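One letter stands for each residue in the lines below.
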Amino acid sequence: MKLHTTDVLIIGGGLAGLRTAIATRRRGLETAILSLVPAKRSHSAAAQGGMQASLGNAMKGQGDNEDVHFEDTVRGSDWGCDQRVARMFAHMAPKAARELAAWGVPWSRVRRGVHEAVMGGQPVLLTERDAAHGLIHARDFGGTKKWRTCYTSDGAGHAMLYTVSDRAVAEAIPVLERQEAIALIHDGFRCHGAVVRDLVTGELSAHLARATVIATGGYGRLYGVSTNALINQGMGAALALETGVARLGNMEAVQFHPTAIVPAGILVTEGCRGDGGVLRDADGHRFMPDYEPEKKDLASRDVVSRRMAEHMNRGKGAASPYGDHLWLDITMLGRAHIEKNLREVRDICHYFLGLDPTRDWIPVRPTQHYSMGGVHTDFRGESTTLSGLFACGEAACWDLHGFNRLGGNSLAETMVAGMLVGEYVADYCQSDLGELDLSPSLAREFVAREQAALAALAAGRGAEDATLIRRRMEEIMTRQVGLFRNGPDLEAAVTELQTLLERAQRLGMRHHGLDANPELVAAYRLPRMLKVALAITLGALVRTESRGAHFRDDHPARNDRDWLNRTLAWWPEGGCAPSLEHDPLDVMQMELPPAFRGYGVKNLIEHPEAAARQAQVDEMHAAKLDRHAAQSYLMSFKHFLPERYRGRNERLDEPLPGVAPASLPALSDDRQGAGKDAGATS
């Protein structure tokens, strides 16, 4: 048995994993990253629109700050998020954007003077301030009060991933490519690392570490059509679930993006609508203002997706050989704008649809896109039930997004969570808790168990086909656990998924090798995908309310009285379904008490403590304190942050104490590319 040791083992080479690794490496810890693919091929590269950070540089972003970003995030989550985490995130996002500028991300920049833009399909003139010239620009995104999404045309994820990956290379952080963690090594109380399979040779090895971080992304490929990369099969969640100790959180919270192209399911960014594009039906009618007259096409993603589906159900969809769809119209933006700021969209439309979005409408419909659920952690990113196991990014239920994620908050989360969780991991490793407890016998036991399981699987002579079982799972998840849900469909889905899991124990293999065998990979991943699918489906069945992306036809009200809580799932040893419990959210500790979200007709069963907490909040605001003082009184959070990140963020309209306004045009963060550590208050 090959045995490797390191201080920090990070499973996943996307943005969240890379940024976590940089943080721990800078604290002097030996760090290694496992990745299914080369880091620059991670799914983070597919993110197009941008990352949210309340810089307030652009004219339509003036007045933005952490308070506004925080409120947008909480409302967007349909009050399902951890508000302390949301506060930490909103505080850190400007620091993350400015750090990326310092590292070389070519953010699109503000240009002074009068510029033509499109808002809601109509041309408008916007005048940018001289003082903002050269600072980081922002575009509009759904569910936000301000233009806050920093962007690099429509290739933000690509630019960020290449920059952060190069930074990791500069820090001499090894990325072990084509290596898959297939089990976590643990003693029931603490995680000690992982059993790892080399996808080229098939060899198993043990990687022991002080701390193990899951950063494997989402689980979109449980669905038949998804914007996710093919590698996003939920294996990080499955690793935690199969320990029988670690919990998964809010797995039923699955987001559908409104604008994936038909039939391929490839995403076209929300930036299309943020830049002024509109949705149209088969008659060419712009229908979103009929449903959401205030936010129109830029309501939250869950809302827009449901409205699109409802409109198609009313017979307003455009027919195609691949089913009904709607149209995304960005032609009014003009060729120059599209070729500069929506280049990927143009290329996707050209190569996958054979159309030109400067003159043709784009066929779109809602498609599975993002996983709000994941490995349940506290605000430090550590599992609450298995010491030494951390998670960050889309693989984690941190819980920033609650039951719906705002566009642009995920790219920001990868960086913010990486910055913070990396520091907390380093704190853990450098404390008494993080003493490296080398246990070759435990590692040998886990490797032997996995080796025996793989050998038995490869030798399988059963009659079941992994491909057919997976295809049926995808159909069930798409049709019965999708955008609209109901009790009978969910009950039937749970029953059939359990049957599929039982059938997955009787697979027949045509190729029996243990080396580079794609059939073997599909076979050992299948039961894990089914377990994750069961966690999603059972959580959705039990949650008899509608909240964010979880919508029940038979329970359309958001029920704060009974369901203002977080679903926790784990897999008992020998079980055929996950066990569930629910962790209540404390209303009396919330800075923003539960209220009507503002979409559609108010359909809300209120929490009995919401009014009392709102009265306390109103009393504090009536005192007209400085916004920082009022916020700290209502929900203190800065003492949870690493000291180096506690400083305030500087803006043109909000200079730091003791900084003269005349010095503001020289803001080092944006115009100069920071040139200093992101922990600085700029």
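Before reading on, note that the structure itself is shown above.
So, a few notes on the structure that sits alongside this text.

The rules behind the values
- Residues numbered from 1 in each chain as written.
- Predicted model: local features only at pLDDT ≥ 70, side-chain atom pairs only at ≥ 80, totals over all residues.
- Heavy atoms only, no water.
- Pairing = 2+ DSSP bridges.
- Helix = DSSP H or I, 4+ residues; strand = E, 2+ residues; numbered from the N terminus.
- Axes fitted to C-alpha atoms, helices over the stretch in contact; angles between N-to-C directions.
- Phe/Tyr/Trp six-rings, centres within 6.5 Å; stacked < 30°, edge-to-face > 60°.
- Buried < 20%, exposed > 50% of the residue type's maximum accessible area, 1.4 Å probe, protein only.

On to the sheet that holds strand 12 (residues 254-261). With antiparallel pairing, 4 strands are arranged side by side in an open sheet as 12-15-14-13. Strands at the two margins of the open sheet, each flanked by one partner only, are strand 12 and strand 13 (278-280). Each adjacent strand pair in this sheet contributes to an overall mean axis angle of 45°, direction not counted. Note that strand 13 and strand 14 (residues 326-329) share 3 bridges and pair antiparallel. Bridging across to strand 14, Arg 280 finds its partner in Trp 327.

This part covers the packing of aromatic side chains. As enumerated under the stated definition, the model contains 7 aromatic pairs in all. Taken together, a centroid distance of 5.9 Å and an interplanar angle of 85° make the contact between Phe 379 and Tyr 424 edge-to-face. One end of the pair, Phe 379, is in the loop between strand 16 (374-376) and strand 17 (389-391); the other, Tyr 424, is in helix 11 (residues 409-429), with 45 residues separating them in the sequence. For Tyr 424, a relative accessible area of 7% translates into the label buried. With 5.7 Å between their ring centres and 90° between their planes, Phe 484 and Phe 551 make a pair best called edge-to-face. Highlighted residues: Phe 484 in the loop between helix 13 (466-480) and helix 14 (487-503) and Phe 551 in the loop between helix 15 (518-542) and strand 19 (558-559), separated in sequence by 67 residues. On the accessibility criterion, Phe 484 (22% relative accessible area) is partly exposed.

Once that is clear, we can look at unusual backbone geometry. Cis peptide bonds are those with omega within 30 degrees of zero, and the linkage from Val 262 to Pro 263 qualifies with 10°. With respect to the element layout, Pro 263 can be found in the loop between strand 12 and helix 6 (271-274). Phi is positive for Trp 79, close to 60°, though the residue is something other than glycine. A positive phi angle is found at Lys 296, which is not glycine, with a value near 55°. Take Lys 296: it is sitting in the loop between helix 7 (288-291) and helix 8 (301-316).

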